[in-house]
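So you can see what is in the structure, the chains are spelled out below.
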Amino acid sequence: MSVSGTIRVLLADDQTLVRAAFAMLVDSAPDMEVVGQAGTGREALAAARGEQPDLVVMDVRMPDLDGIEATRLIAADETLAAVRVLVLTTYDTDANIVEALRAGASGFLVKDTRPAELLDAIRTVAAGEALLSPGPTARLIARFLRGPSGPPAVGGPEGLSEREREVLALVGRGLTNTEIGETLGLSPLTAKTHVSRIMGKLGARDRAQLVIVAYESGLVTPGGT
């Protein structure tokens, strides 16, 4: 974030009117500002490198370079390590959800999300949390993440302590630090410390990648609680 604490947002969507509407919404929030706009995935990548935003709101279907590939390139660029990507699309399909997460996205929402929910999503992802659209179920996400669609994005949980594995499983179920603390009898700060330590051990960018590890390793199972 900027020195003032403002979340700097880059908007990437091939529809000019959609970008204009998002820009008005984001700029209306006192804690956010639009620092750039892009109409293609390649433009989004260039703008991310030039503007160094805190977060990119990325459409999936774009010309020249689609949003998922642009997300993958942003996540792989060491100079953009602090940039988070929130994928926003009209295509609420299982494959897009998983491909976006595998590419390095920290969140996934569909475009019919209410304006207030989009702003909350931007705040959540910019703060380092993972966010998935309420529509997709854990069962579907688990099935596709554990399918033969590619190697894990980060390391596995083999080197984690028993407590860390418990925390990772709860992250995989979508619990917040406060909820993890309540479940395990820990303070929210202690839960946060565990999550940070797990991310460091696994080389994960954020909680979204921890969700992937939790499912791919079997710590969280389809339909499990």
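Now for a description of the structure that goes with this document. None of the values given here were measured: they were computed from a predicted structure.

Quick look at helix α1 (residues 16-28) now. Because an α-helix packs 3.6 residues into every turn, residues spaced three or four apart end up facing the same way. The terminal C-alpha atoms of α1 lie 18 Å apart, and with 13 residues this matches the ideal 18 Å at 1.5 Å per residue to within 8%. All of the buried residues along α1 are Val18, Arg19, Phe22, Ala23, Leu25 and Val26. One face of α1 carries all of its buried residues, which in axial projection span an arc of 165°. Looking at α1, the residues exposed on the side facing more than 90 degrees away from the buried face are Thr16, Leu17, Met24 and Ser28. Looking at the buried residues of α1, the elements they touch are β1 (7-12), β2 (32-38), β4 (84-89) and α5 (115-126).

A word on the packing of helix α9 (residues 188-202) against helix α10 (residues 207-216). Two elements in contact, α9 and α10, have axes whose closest approach is 10 Å; the angle formed by their N-to-C orientations is 75°. Considered as vectors, α9 and α10 are oriented roughly perpendicular to each other. Here Val195, Ile198, Met199 and Leu202 of α9 lie close against α10, whose contacting residues are Arg207, Leu210 and Val213. For the contact of α9 with α10, the class distribution of residues is six nonpolar, no polar and one charged.

As a further point, take the pairing of β4. Among the six residues of β4, six are classified as buried, and the element is accordingly described as predominantly covered. Residues Arg84, Leu86 and Leu88 point to one face of β4 and Val85, Val87 and Thr89 to the other, with burial holding for every one of them. One ladder, built from four bridges, connects strand β3 (residues 55-58) with β4; its direction is parallel. Opposite Val56, over in β4, you have Val85 as the bridge partner.

Of note, Thr16 is situated in helix α1. Take Thr16: its relative accessible area is 54%, and that puts it in the exposed class.

Looking now at the side chain of Asn177. Following the sequence through the fold, Asn177 ends up in helix α8 (residues 177-184). Among the residues examined, Asn177 registers a relative accessible area of 12% and is labelled buried. Every residue in contact with Asn177, bar those within four places of it in the chain, is listed here: Glu129, Pro188, Ala191, Lys192, Val195 and Arg207.

It is worth spelling out the side chain of Thr40 at this point. Here Thr40 shows up in the loop between β2 and α2 (41-51). Overall, the relative accessible area of 13% leaves Thr40 in the buried class. Among all residues touching Thr40, those that are not within four sequence positions of it are Met62, Pro63, Asp64 and Leu65.

A few words now on unusual backbone geometry. The backbone of Gln52 sits at a positive phi, close to 50°, despite the residue not being glycine. For Gln52, the location among the structural elements is in the loop between α2 and β3. Positive phi values are uncommon outside glycine, yet Asp64 reaches one of about 75°. Mapped onto the secondary structure, Asp64 falls in the loop between β3 and α3 (67-76). Given the relative accessible area of 54%, Asp64 is considered exposed.

Tracing the chain through its elements places Ile7 in strand β1. Ile7 sits in the buried class, given a relative accessible area of 4%.

What follows concerns the environment of Ala103. Looking at where Ala103 falls in the secondary structure, it is placed in helix α4 (residues 94-103). When the C-alpha atoms of Ala103 and Ile74 are compared, they prove to be 9.0 Å apart, with 29 residues separating the residues in sequence. With residues up to four places along the chain from it excluded, the contact list for Ala103 reads Ile68, Thr71, Arg72 and Ala75.

Let us look at the pattern of salt bridges. Throughout the structure, instances matching the rule amount to 12 salt bridges. With its nearest N and O atoms 2.8 Å apart, the salt bridge here joins Glu117 to Arg114. A network of salt bridges, in which partner residues are shared, links Asp13, Asp59 and Lys111.

How each quantity is defined
- Residues numbered from 1 in each chain as written.
- Predicted model: local features only at pLDDT ≥ 70, side-chain atom pairs only at ≥ 80, totals over all residues.
- Heavy atoms only, no water.
- Helix = DSSP H or I, 4+ residues; strand = E, 2+ residues; numbered from the N terminus.
- Expected span 1.5 Å × (residues − 1).
- Buried < 20%, exposed > 50% of the residue type's maximum accessible area, 1.4 Å probe, protein only.
- Arc of directions from axis to C-beta.
- Contact = heavy atoms within 4.5 Å.
- Axes fitted to C-alpha atoms, helices over the stretch in contact; angles between N-to-C directions.
- Parallel < 35°, antiparallel > 145°, perpendicular 65-115°, else oblique.
- Nonpolar A, V, L, I, M, F, W, Y, C, P; charged D, E, K, R; others polar.
- Pairing = 2+ DSSP bridges.
- Salt bridge = Lys/Arg side-chain N within 4 Å of Asp/Glu carboxyl O.

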